[in-house]
Number of protein chains: 8
Amino acid sequence: MDVGELLRQVKKGTIEPDQAEELLKNLPYEDLGYAKLDFHRRLRTGFGETVFCQGKPDAYLVEIYQKIFERDGEVLGTRATKEQHELVRKAVPQVVFDPISRILKVEHPDKKRSGNVVVCTGGTADIPAAEEAAQTAEYFGSRVSRIYDVGVAGIHRLLSKREQLASANCIVAVAGMEGALGTVVAGLVECPVIAVPTSVGYGASFHGLSALLTMINSCANGISVVNIDNGYGAGYVATQINRLAVR
Amino acid sequence: MDVGELLRQVKKGTIEPDQAEELLKNLPYEDLGYAKLDFHRRLRTGFGETVFCQGKPDAYLVEIYQKIFERDGEVLGTRATKEQHELVRKAVPQVVFDPISRILKVEHPDKKRSGNVVVCTGGTADIPAAEEAAQTAEYFGSRVSRIYDVGVAGIHRLLSKREQLASANCIVAVAGMEGALGTVVAGLVECPVIAVPTSVGYGASFHGLSALLTMINSCANGISVVNIDNGYGAGYVATQINRLAVR
Amino acid sequence: MDVGELLRQVKKGTIEPDQAEELLKNLPYEDLGYAKLDFHRRLRTGFGETVFCQGKPDAYLVEIYQKIFERDGEVLGTRATKEQHELVRKAVPQVVFDPISRILKVEHPDKKRSGNVVVCTGGTADIPAAEEAAQTAEYFGSRVSRIYDVGVAGIHRLLSKREQLASANCIVAVAGMEGALGTVVAGLVECPVIAVPTSVGYGASFHGLSALLTMINSCANGISVVNIDNGYGAGYVATQINRLAVR
Amino acid sequence: MDVGELLRQVKKGTIEPDQAEELLKNLPYEDLGYAKLDFHRRLRTGFGETVFCQGKPDAYLVEIYQKIFERDGEVLGTRATKEQHELVRKAVPQVVFDPISRILKVEHPDKKRSGNVVVCTGGTADIPAAEEAAQTAEYFGSRVSRIYDVGVAGIHRLLSKREQLASANCIVAVAGMEGALGTVVAGLVECPVIAVPTSVGYGASFHGLSALLTMINSCANGISVVNIDNGYGAGYVATQINRLAVR
Amino acid sequence: MDVGELLRQVKKGTIEPDQAEELLKNLPYEDLGYAKLDFHRRLRTGFGETVFCQGKPDAYLVEIYQKIFERDGEVLGTRATKEQHELVRKAVPQVVFDPISRILKVEHPDKKRSGNVVVCTGGTADIPAAEEAAQTAEYFGSRVSRIYDVGVAGIHRLLSKREQLASANCIVAVAGMEGALGTVVAGLVECPVIAVPTSVGYGASFHGLSALLTMINSCANGISVVNIDNGYGAGYVATQINRLAVR
Amino acid sequence: MDVGELLRQVKKGTIEPDQAEELLKNLPYEDLGYAKLDFHRRLRTGFGETVFCQGKPDAYLVEIYQKIFERDGEVLGTRATKEQHELVRKAVPQVVFDPISRILKVEHPDKKRSGNVVVCTGGTADIPAAEEAAQTAEYFGSRVSRIYDVGVAGIHRLLSKREQLASANCIVAVAGMEGALGTVVAGLVECPVIAVPTSVGYGASFHGLSALLTMINSCANGISVVNIDNGYGAGYVATQINRLAVR
Amino acid sequence: MDVGELLRQVKKGTIEPDQAEELLKNLPYEDLGYAKLDFHRRLRTGFGETVFCQGKPDAYLVEIYQKIFERDGEVLGTRATKEQHELVRKAVPQVVFDPISRILKVEHPDKKRSGNVVVCTGGTADIPAAEEAAQTAEYFGSRVSRIYDVGVAGIHRLLSKREQLASANCIVAVAGMEGALGTVVAGLVECPVIAVPTSVGYGASFHGLSALLTMINSCANGISVVNIDNGYGAGYVATQINRLAVR
Amino acid sequence: MDVGELLRQVKKGTIEPDQAEELLKNLPYEDLGYAKLDFHRRLRTGFGETVFCQGKPDAYLVEIYQKIFERDGEVLGTRATKEQHELVRKAVPQVVFDPISRILKVEHPDKKRSGNVVVCTGGTADIPAAEEAAQTAEYFGSRVSRIYDVGVAGIHRLLSKREQLASANCIVAVAGMEGALGTVVAGLVECPVIAVPTSVGYGASFHGLSALLTMINSCANGISVVNIDNGYGAGYVATQINRLAVR
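Heads up: these notes are all about the structure in this document. (Residues numbered from 1 in each chain as written. Chains lettered and ligands numbered in written order. Predicted model: local features only at pLDDT ≥ 70, side-chain atom pairs only at ≥ 80, totals over all residues. Heavy atoms only, no water.)

## Focus on unusual backbone geometry
Now for step 1: One non-glycine residue, arginine 79 of chain D, lies in positive phi territory at about 55°.
Now for step 2: For arginine 79 of chain D, the position within the fold is in the loop between strand S4 (75–78) and helix H5 (82–91). (Helix = DSSP H or I, 4+ residues; strand = E, 2+ residues; numbered from the N terminus.)

Set out below in structure tokens:
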């Protein structure tokens, strides 16, 4: 029931003003005391609530998985651990864990995917963040291709994938160390590039700061950047863009 | 002529191997000695070459404006000064300068614009970067709405624009100081939000670093970030997304 | 008219649902196009709208001063310049400018002040930020005492003011360089201390960063910190606390 | 006996000058050799001495708990571990440990609390710092309400608590990641907001630096900031303010 | 077969255009799915592919060692662990591990080395990075001398090695803490100095940042710098220079 | 009159308790309102009050110079400008200005100097900070030798001054860029070395931060560091040490 | 006369021990009081003394140019200004100034150049640092080719220069903003690449810090890095390497 | 035998030139291959060689302790662990370990100490660094007094120790968190203050950076600073100064 309808019912007298005032305040989230599950979210943004598992107390985590699973029949969590997997599957036995991407999820088996998101990485060590992006995009209904280990220090590897890149609606470019992958990719294609700096590297990479600065300062057009190792965020934005393209 | 065609002509003998080798190497840019104008760009990325005016030596700047204008009949430059305007208009009299956005351009008069990009700012001091974004998006064919001075310290101002925000294909959120605008906007809408940190602020804002970190660390989904004050970059990405939506 | 009243009128039929929906959305700010003056603010927070003059375009600035002055009969702006003073006083002749604090204001002549806010500084170079704090607090109705140049390198100067410090409802401690004033003051008194780091210093003071870190890391209890040189913010918080004390 | 009284007794001859000189020097702290317990503190600042447990050698810690407990009948320590709990309760069996807030304390059972401090968090991961703040404020006699998981990425959750926020004497806003909670809260209320950045986040959150900068640069009025994860400091300042309000 | 030859065969008809187009695209790397081994590398740069072991998943690591060893008869990996050694030697029994340099390699037994690379360190704690440099240079065919523990705080130790330094084609200067070794060495010799900052130190050394800044700001001529602890990179560049000298 | 004497007079009745209480509070500084001149300083620390000219408002500066000159017959100010010289000499005609060190002073003509402080620099651009140090030390009575432009990139220049260095009671080592001078000097001598980082350099010298970090991380013993460009501070400490040596 | 010879003459009695001791100490630099010209340098390192003009006092600068010119018949200075040119040419009329590279020099007219150094830039704004590198290398006898404006955002421009790059003995890669040029170049060639980060950019480029970090973290082999904008340093190292190659 | 004597013997013929040349080169350090023990040090600087234990490989550590102990009859190491203690005492049974200061040493039992060094700390957590300073100074022959837990948040604790501070030849002020102890102490005394920032704190203390900046920016005169937690360095400098005072 939306505000217009509500007000019309007040006029008709089927709802009392006091009651209406209360309804106007009550927003559709479920309050677990310590957490407020945002079931309104799917309506508001087109994406269901997901779970950032890292650091969640055990009891909270299990209850959150249960609640979302009960309501939606599926649930996606990121940054999970093997221990959290053990824990959650006692309550939600369908849950599966991927140790590379650290995604812990139940997914509708016959989900239809559409569009074309490409996820590429500079090196093999960037694959965990890339898989977080790719699987997030897939969970939200995007069709995803992966092009891994095509860093700019051997530019011919990247150039040989040019056609595949050119066909994407959105490209997620995942790279650590000096993080130049996004710039080169963006110079080759027409679609937006979401750059994900990773914490891969050592010394003056400062846990991803160097790659982040590289990407933020990119001299190429068409790049925007998410947080270090934030594959989830990139997969989410890529899906938003992909959905616009396939509408 | 693409590579396949070229190779077929080699087979037919209409092109000699040596000549073909040369053609394979020659790429369609114009070499001014000090600069390489990338006319191939429009084909490759769907966007024409633009000019970053800041710090360009006078003679270079004028010649670049002339070359692009001659070829495309229009030209967009960012971060220009009044002095550069004086200079360029001797060679390209049609050029106009907007002191707020610092854009120096000639634009086709009857450009058709489509789609829906919203550009919003936290404060009035963020308007220069916002205008750079808005006018860039317009130059590249996007229809743009502006919602200025709706920062999160008075959240009611932003909430009253909720419907307008919800109708966008892409939102550019421009904010300095603590830079929280992007997060709140992204929590309200379905479309991607491009966040532009600005150097507005003082003290520990560190010329935009604080706003950049806020945006990169956003706990909302659907945000990606460009460089501090990089309105051009945001307008460019917003156009890419808008084009996908209106295709 | 509050929401309850509005809904009752909908029930009575004196307001139509559509009209009510519109009213619910319309919030009491005045839209100047480029800026949204928040006249609702005084009701919501107990403080009127003020003006951050730095970087405001001339035409905007003058109009904002006029609008606020017309409505409130007084107006306070910070970080103003002599040039802005010249400009504004053409439209609002009553306006006065203090070159130390850089405050540009019209103030009701017989404002009653109450409570007890103490503003102290480490050195003479911290006086501009201190005066911004003191005059802001006075504008919002606080009685203010000033204790300047009592930095911790000559601790006896500070200790001789102990009684005066002890009588305050709130103390604003303004210091640059190593910024230790707040810690020592907080160790001597019962009331909250608002610490203002200043950009005074050179070398590794990094324009106030050193003082900011010192204050944030204070080992004393009862300190909280505002931005570098943010006298206005400190004067504002001090007034909030002072008001609670004199209620 | 204060200085005036002391001097009068010197005049009367009941105290010898040498003895008086000594008394003037002796300040009421207890010297444990390695630590100086500041029993004078309660008189000077209105708050008893507390214990920062982190990194304290075992023998020191136990002795400090004993000394304070003996004198005051209660004792509050922060940043304790389960191991420290085991240790201290051998000497002070009444001591209880809360693993969320990491507070290790004995508290007078029938402590009367007054006033109204609200503690709110952006997410569930911010609860440990929030509980440190809430329990500290309660220990020092404040009545505290908790509003958790109302971060700005889903602004409706926060807005539905508007009335509760508006009734506070002081609000403690605890948030990590981009840390924008304080700004939005401060825009809604009349009372001071103490912002606590937390180290919650990853990547470019830099262990709370991003949230700290956001809060320090807040464009809202009425915010001041304490150290990253410093719930104790915020609870302390909130109590100071609350006491002024309920005087 | 190079492009010229390929095109001549197209002309002759021995290769079809379609086939030629495919060949032009296929570059000589082996795609393991997750990684692209760059066997073309030795031709392109004169150096074979090596392995950065840190963080490589076990299965990947073993397969990469096998592939390279099969093809080249030798293989060099850096930043390996004892556990990785155990793992790899099940597949490649010849592999040996040096716990100081953390190099895990098979090397042709009678490799001829030539030229003169000197590797020197400031302290004994810098030896791991120095050995990574020295053994890398040796693997790629350089003759290497080591001069360890000659830091500038006891300048006579360094000066007594002056002749040995003067005879080098390239010097690798490895130092942590304040990192001044490179400057002093470069002031004594004619050949290029590659400076390697190390993460050795504590406090304000910030894990090598201080040494990195020292070296980048060197007032001596003839210094260039690689990443913190990047012995491999320094050994590589030193070999490039040494090869030019002995050509 | 000290506290003991004061108390004895109270006992005798020559001073009333109230009066005594007041005297105990009154400390020997002169309050100019905006500044508190610390005439007690010479007694407490053995050094007279000096003036940090940078940023002092004109009227304040002149009055401070007058007050100190009247009382002490001499006065030393640092970081002065030519304009401040013009201003001050109208009130204190004896004042002289040195544009290299930016010292503005009146000095007793026949000051006896003793001991042995050596001030050395890495380059010629470090001379301003070095002269500030040298002249400060001379003002406070130290005999000073200067050894300039002996940076470590040409270590033989420094080594040839070895004897002169060895004779010092304290050495001030002034250097920018990579700032390694202090380390090498400290390795050669027995006396303490005060290192002064300077803002000389460019790029990654970050206005002296690099030199500061180098010096703070020095692997030599016997170095301590003052702020960037803080010649005054170094000259002061050097004098303290020199005085101890010549006592 | 070397040490061996000297000692033999002491034995023969042609040189007295005292005299020998003196000779051992006297090193061949010319002491101007404020500066020590290092004429020994050419012998020691194979390169003559040059002048870093920035910030040199006028009188010093002129005398240094004169001394070096008198002795060597040529002189190279970097970071000069037009004003310094005016000044120096009164004393050394042959001196010429290039406003792009800011080099102020007299150069032997028929200098023979050999070898092959390539200097390339990412954009046109990087040309000043590139010219400083190129002209420095030429001054020291290297043959230099320039390839400007071949940044990685349009990778085809760079790839078309592949052969030219492959023929170099050393490549200097000059780039600001995200600074990825060095990595891509190093992946294409066999010779060492000296990367020069420039301060070109804005926002989060932090005056070259971003480019510096990118280059230091390069995932390509064969790169080493000099200070931000340090074209001179890169030209110097490139010459050292080029000399080894052409020996 | 010094150089003069050596040369005279060459003249007399008792030493051959070749032999003399060799002797001139041979400096009195003992080369263990991986480390160069600097036995010349005691002569050159008046202090024997000490050992920085952290990170030293076991075999090296034991051999170094043995060598120094054999020669000097005593040995001091810092930053040792319990494990290193176990190891070393097998070879040098007299060695004792202090777990607070982490010093591992053999010390001559009847060492005469003289002078007066005061070591004070802000809190109890700063005691480890303070003890490293105190015991180092004692090892090198200084008489040391300790004043612990006198931080500036309770300034009366510090002021009551005023006389003890005033009697020192040198004060070492050790403090973490906001690190203001050094400034207040330096304002009270005549002697030099060596400030040691410690890594004590959390959040924005950034492992001691905040305290380091505070101390470097101190507005008091007479402070110089050593590295974070560098008690050894402070104890060393304090001894140098103390020796000058007691000469």
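Here the narrative resumes.
## With respect to the sheet that holds strand S4 (residues 75–78) of chain C
Residues and elements named next belong to chain C.
Now for step 1: An order of S3-S4-S6-S5 is seen for the four strands of this open sheet, with the pairing classed as mixed. The sheet is open, and its two edges are formed by strand S3 (51–52) and strand S5 (96–98), each paired on a single side.
Now for step 2: Running over the sheet, helix H6 (residues 127–139) touches S4, S5 and strand S6 (103–106) and is turned about 15° from S6. (Pairing = 2+ DSSP bridges. Contact = heavy atoms within 4.5 Å. Axes fitted to C-alpha atoms, helices over the stretch in contact; angles between N-to-C directions.)

## Concerning the packing of helix H6 (residues 127–139) of chain E against helix H11 (residues 231–246) of chain E
Residue and element names in this part refer to chain E.
Now for step 1: At a minimum axis separation of 7 Å, H6 and H11 run at an interaxial angle of 35°. Every pair of crossing elements has a handedness; the one defined by H6 and H11 is right-handed. In this structure, H6 contributes Ala129, Glu132, Ala133, Thr136 and Ala137 to the contact, and H11 contributes Gly231, Tyr232, Ala234, Gly235, Tyr236 and Thr239.
Now for step 2: Split by residue class, the contact of H6 with H11 holds six nonpolar, four polar and one charged. (Left-handed = near helix turned anticlockwise from the far one by under 90°. Nonpolar A, V, L, I, M, F, W, Y, C, P; charged D, E, K, R; others polar.)

## Some remarks on the relation of the copies chain A and chain B
Both copies of the chain are related through a single rotation about an axis accompanied by a shift along the same axis.
Now for step 1: The transformation that overlays chain A on chain B combines an axial shift of 0.0 Å with a rotation of 180°, and the residual RMSD is 0.1 Å. The transformation just described matches what one would write down for a two-fold rotation axis. (Least-squares fit on C-alpha atoms with pLDDT ≥ 70 in both.)

## What about the pattern of salt bridges?
Now for step 1: In this structure the tally under the stated criterion is 75 salt bridges over all chains.
Now for step 2: The salt bridge partner of glutamate 132 of chain F is arginine 79 of chain F, with a shortest N-O separation of 3.8 Å. Of this pair, glutamate 132 of chain F sits in helix H6 (residues 127–139) while arginine 79 of chain F sits in the loop between strand S4 (75–78) and helix H5 (82–91); the two residues are 53 residues apart in sequence, bridging distant segments of the chain. Side by side, glutamate 132 of chain F and arginine 79 of chain F carry an identical accessibility label, which is buried.
Now for step 3: Between glutamate 107 of chain G and arginine 113 of chain G there is a salt bridge, with the nearest N and O atoms lying 2.9 Å from each other.
Now for step 4: Ionic contacts of the salt-bridge type, sharing partners, join the residues Glu74, Lys105, Glu107, Lys111 and Arg113 of chain A into one network. (Salt bridge = Lys/Arg side-chain N within 4 Å of Asp/Glu carboxyl O. Buried < 20%, exposed > 50% of the residue type's maximum accessible area, 1.4 Å probe, protein only.)

## Digging into the interface of chain A and chain B
Now for step 1: Taken together, the contact between chain A and chain B spans 33 residues of the former and 33 residues of the latter.
Now for step 2: When the two sides are added together, the surface that chain A and chain B hide from each other amounts to roughly 2700 Å², 52% of it contributed by carbon and sulfur.
Now for step 3: Joining chain A to chain B, the criterion identifies zero salt bridges.
Now for step 4: If you look at where chain A meets chain B, you find 12 residue pairs in polar contact (both at pLDDT 80 or more).
Now for step 5: Put simply, the parts of the chain that give the side of chain A that touches chain B at least two residues each are helix H3 (41–45), helix H9 (181–188), helix H10 (209–216), strand S11 (223–225) and helix H11 (231–246) of chain A. (Buried area = accessible area lost by both parts, 1.4 Å probe. Polar contact = N/O pair within 3.5 Å; in protein donor to acceptor, adjacent residues only side chain to side chain.)

## Digging into the pairing of strand S7 (residues 114–121) of chain E
Residues and elements named next belong to chain E.
Now for step 1: Judged by how many residues are buried, S7 sits mostly within the fold: seven of eight residues are covered.
Now for step 2: Of the strand pairs in this sheet, S7 and strand S8 (residues 142–147) are connected by five bridges, and their pairing is parallel. Of the residues in S8, the one forming a bridge with valine 117 is valine 144.
Now for step 3: Handedness of the S7-H6-S8 crossover: right-handed.
Now for step 4: For S7 and strand S9 (residues 170–175), the ladder comprises five bridges, and the chain directions are parallel. Its bridge partner being in S9, threonine 121 is matched across the sheet by valine 174. (Right-handed = clockwise from strand over helix to strand, strands pointing away.)

## Brief notes about the pairing of strand S4 (residues 75–78) of chain B
Residues and elements named next belong to chain B.
Now for step 1: Burial along S4 is two-sided: Val75 and Gly77 facing one way and Leu76 and Thr78 facing the other are all buried.
Now for step 2: Handedness of the crossover joining strand S3 (residues 51–52) and S4 through helix H4 (residues 58–72): right-handed.
Now for step 3: Here S4 pairs with strand S6 (residues 103–106) via three bridges, running antiparallel. Paired with leucine 76 across the bridge in S6 is lysine 105.

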